[in-house]
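Descriptive analysis of the structure
Okay, here's what each chain looks like letter by letter:
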Amino acid sequence: MTGELVWPNADSGANSDPWLIANHDHLRLMQPRVLAVNFVHGLSAREARAKLDGLCAALREASRWQGYRDPQAPPFLDYQIVGIADLTEPAGVRDRNSANYPRAGDGIGFDYGALHEMVLHDGLKLDQLTERGLVNEVWLLADHTDHSAPWETVEVKQAYDEAFRPTGYERHAGNSGEHSAPWIGRSLRILFVNFARGVGCAMESLGHSLERMATCGALPYYERYFREYAMLDLDRRYGLPFESLYLKGRDPVDYPSPTTLRYGSLWRRRRVEDYIPAGGNVHFMPNGRQDYDLDNPTPVLSTIETWRQPHERPRPWTPDVLEPYRALAGDCMGRWVVYWRQNMPGLANTARDDDGRPMKNWWPFLFY
C-alpha cells in the first residue's frame, strides 16, 4: 500500500502492527484511540471530557512540525477519545478516588495488573481492546495524594533491532518504577492525568514518557537521534561527568555568554566553551539553569529550530517563544513541552539522519 495514509484504518488499527513499520514513511495522520478511565468521585462526565479534550488539543498542536513558523502546518497526532469508563462510585475514604480504584499492595500505588483484569469498554478487557485495535492508549483520571499515587506513565513496549525487527519487549518504557502491568503481546501506554491539575502537567508527564520510551533500548534508531536532540549525551559530546543536566547535581548551571555553560558547586565552577544546546529535555530548556526553569531571560545560542537540517545554524534562544502556548498548556512545563515537541522531526520535516537521508517522522514510534 502506498500514498498518504491515515492510521488506524481498515488494514491496521492495533499497536505494534508490522503495518506501521511497512508504511511509516507514508503516514500523514494518526488518530490514536484513547480509552479514559475516570476514578474521581464527583468528577462529572462533562468535566472529564473537557479536561481530556484540552489534552487532545495540546497534543494536536504539538504534533504540527514547527507550527509556530508555518500556520498551515498540519497536525499529525489527532487523539480520539473512544470512551470514558465511569468507575467513580462510591467515594474513597482518604481521597477522591472511588473504591473501584485498584490500589497496589502498599495501599498507595496503583495496581496496573488489576486494571488489566477489569471489563472497561464494550464488555472487553484491556488486552482484548488492544489486540483488536479498539484502544491504542489509556488515560487514567485520578486523584494524586499521599494516599494515592499512580506512576506518570506505564508502558510495556515491543522492542526492535536497528532494522525494526521485533526482539522482545521492554517492561519499563514509561516514566515509572516497578509496576504490575503485563506484557500483552503489543505495546500499551497508560497515562495518569491528575484531575486537579491542568493540561500542561499532563503534557509534562507525556514528555517524560517520551524521554523514557526513546532511551529504554526498545528503538535503537530513534534513541540515537533522540539523545542528541534532548541533550542526553553531554558526556560524549562535551566530555562532561554527567550525560544530561538532570544529573548535574544540586547547584544551578548558568550561561556567562551565549556559548558558555558553567556548572559545578559555587566554590568549584567549571566552564564549557562552544556550548550549543539542541532541543533540551523536559526539565531543561536550552537556557535552563535548574529543573523547571521557565523564566531565564539570558539568551543562549541553540539549534533547536534548525537541528539536523541542511543549513543547521544556532540562533539566539529565550523562552519568549513559548508565550503562544501559555493558554493551551499553561501549568507545569506544558508550554515548553508543546514547543519542544513541535521541533522534533515530524510530518514533512527537513532533518537528515547520519547517512544524509530524510529523518523519519518520530511520532509513529509511539505506537510501534
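Note that the structure is predicted; figures quoted are calculated from it, not measured.

Brief notes about the overall build of the chain
For the chain, the helix and strand inventory stands at eight helices and 13 strands. Taking 368 residues into account, the globule formula puts the C-alpha radius of gyration at 21 Å, and the chain, at 21 Å, falls close to it. Along the first, second and third principal axes, the C-alpha atoms of the chain reach 60 × 50 × 40 Å. Burial analysis of the chain (368 residues in total) assigns 56% to the buried set. Within the chain, contacts between residues at least 6 apart in sequence are counted, and of these 65% link residues at least 24 apart. The centroid of the 41 positive side-chain charges in the chain is displaced by 3 Å from the centroid of its 49 negative side-chain charges.

Quick word on the environment of Val138
Tracing the chain through its elements places Val138 in strand β5 (residues 137-142). Of the residues examined, Val138 reaches a relative accessible area of 0% and is grouped as buried. Distance in space between the C-alpha atoms of Val138 and Ala45 is 16 Å, their sequence separation being 93 residues. Contact partners of Val138, with chain neighbours within four places excluded, come to Leu35, Val37, Leu126, Leu188, Arg189, Ile190 and Leu191.

Remarks on the state of the cysteines
Taken as a whole, this structure holds one disulfide when the rule is applied. Here Cys201 pairs with Cys332 through a disulfide, and the sulfurs are 1.8 Å apart. Here Cys201 and Cys332 share a disulfide; its torsion about the S-S bond, 75°, makes the bridge right-handed. Of this pair, Cys201 sits in helix α5 (residues 199-215) while Cys332 sits in the loop between β13 (315-317) and α8 (334-342), placing them 131 residues apart in sequence.

Quick look at the packing of α5 against helix α6 (residues 220-229)
Packing of α5 against α6 brings their axes to within 8 Å, and their N-to-C directions diverge by 130°. Taken together, α5 and α6 sit at an angle that is classed as oblique. For the pair formed by α5 and α6, the contact residues are Leu210, Glu211, Met213, Ala214 and Thr215 on the first element and Tyr222, Glu223, Phe226 and Arg227 on the second. Grouping the amino acids of the contact of α5 with α6 by side-chain chemistry returns five nonpolar, one polar and three charged.

Quick look at the packing of helix α2 (residues 45-62) against α8
Here α2 crosses α8 at 35°, and the two axes come no closer than 8 Å. Residues Ala58, Leu59, Glu61 and Ala62 of α2 lie in contact with α8, whose contacting residues are Val338, Arg341 and Gln342. Here the residues of the contact of α2 with α8 sort into four nonpolar, one polar and two charged.

Quick notes on the side chain of Ser63
Turning to its location among the elements, Ser63 is positioned in the loop between α2 and β4 (80-86). Judged by relative accessible area, Ser63 falls into the buried class, the value being 1%. Separated by 2.9 Å, the side chain of Ser63 and the backbone nitrogen of Phe76 make a polar contact. When residues no more than four places from it in sequence are discounted, the contact partners of Ser63 are Pro74, Pro75, Phe76, Leu77 and Trp363.

Digging into the environment of Ser44
Locating Ser44 in the fold gives a position in the loop between β3 (33-38) and α2. Linking Ser44 and Ser302, residues 258 residues apart in sequence, is a C-alpha distance of 44 Å.

Thoughts on α6
Taking burial as the measure, the 10 residues of α6 include seven buried ones, the bulk of the element. Those residues of α6 lying buried are Tyr221, Tyr222, Glu223, Tyr225, Phe226, Arg227 and Tyr229. Tucked inside the fold, the buried residues of α6 contact α5, α7 (234-238) and α8.

Topic: the pattern of salt bridges
Close approach of charged atoms allows side chains of opposite charge to pair. Scanning the entire structure with this criterion turns up 25 salt bridges. A salt bridge links Asp293 to Arg289, with the shortest nitrogen-to-oxygen separation between them at 2.6 Å. Residue classification places Arg289 among the partly exposed positions, given a relative accessible area of 26%. The residue Arg308 makes a salt bridge to Asp354 at a minimum N-O spacing of 2.6 Å. Taken together, the residues Arg308 in the loop between β12 (300-302) and β13 and Asp354 in the segment after α8 connect sequence positions 46 residues apart. Classification of Arg308 by relative accessible area gives buried; the value is 15%. Linked through salt bridges whose partners overlap, the residues forming this network are Glu162, Arg224, Glu228, Arg308 and Asp354.

Conventions adopted
- Residues numbered from 1 in each chain as written.
- Predicted model: local features only at pLDDT ≥ 70, side-chain atom pairs only at ≥ 80, totals over all residues.
- Heavy atoms only, no water.
- Helix = DSSP H or I, 4+ residues; strand = E, 2+ residues; numbered from the N terminus.
- Rg over C-alpha atoms; globule rule 2.2 N^0.38 Å.
- Buried < 20%, exposed > 50% of the residue type's maximum accessible area, 1.4 Å probe, protein only.
- Contact = heavy atoms within 4.5 Å.
- Lys, Arg positive; Asp, Glu negative; His and termini not counted.
- Charge placed at Lys NZ, Arg CZ, Asp CG, Glu CD.
- Disulfide = S-S within 2.5 Å.
- Axes fitted to C-alpha atoms, helices over the stretch in contact; angles between N-to-C directions.
- Parallel < 35°, antiparallel > 145°, perpendicular 65-115°, else oblique.
- Nonpolar A, V, L, I, M, F, W, Y, C, P; charged D, E, K, R; others polar.
- Polar contact = N/O pair within 3.5 Å; in protein donor to acceptor, adjacent residues only side chain to side chain.
- Salt bridge = Lys/Arg side-chain N within 4 Å of Asp/Glu carboxyl O.

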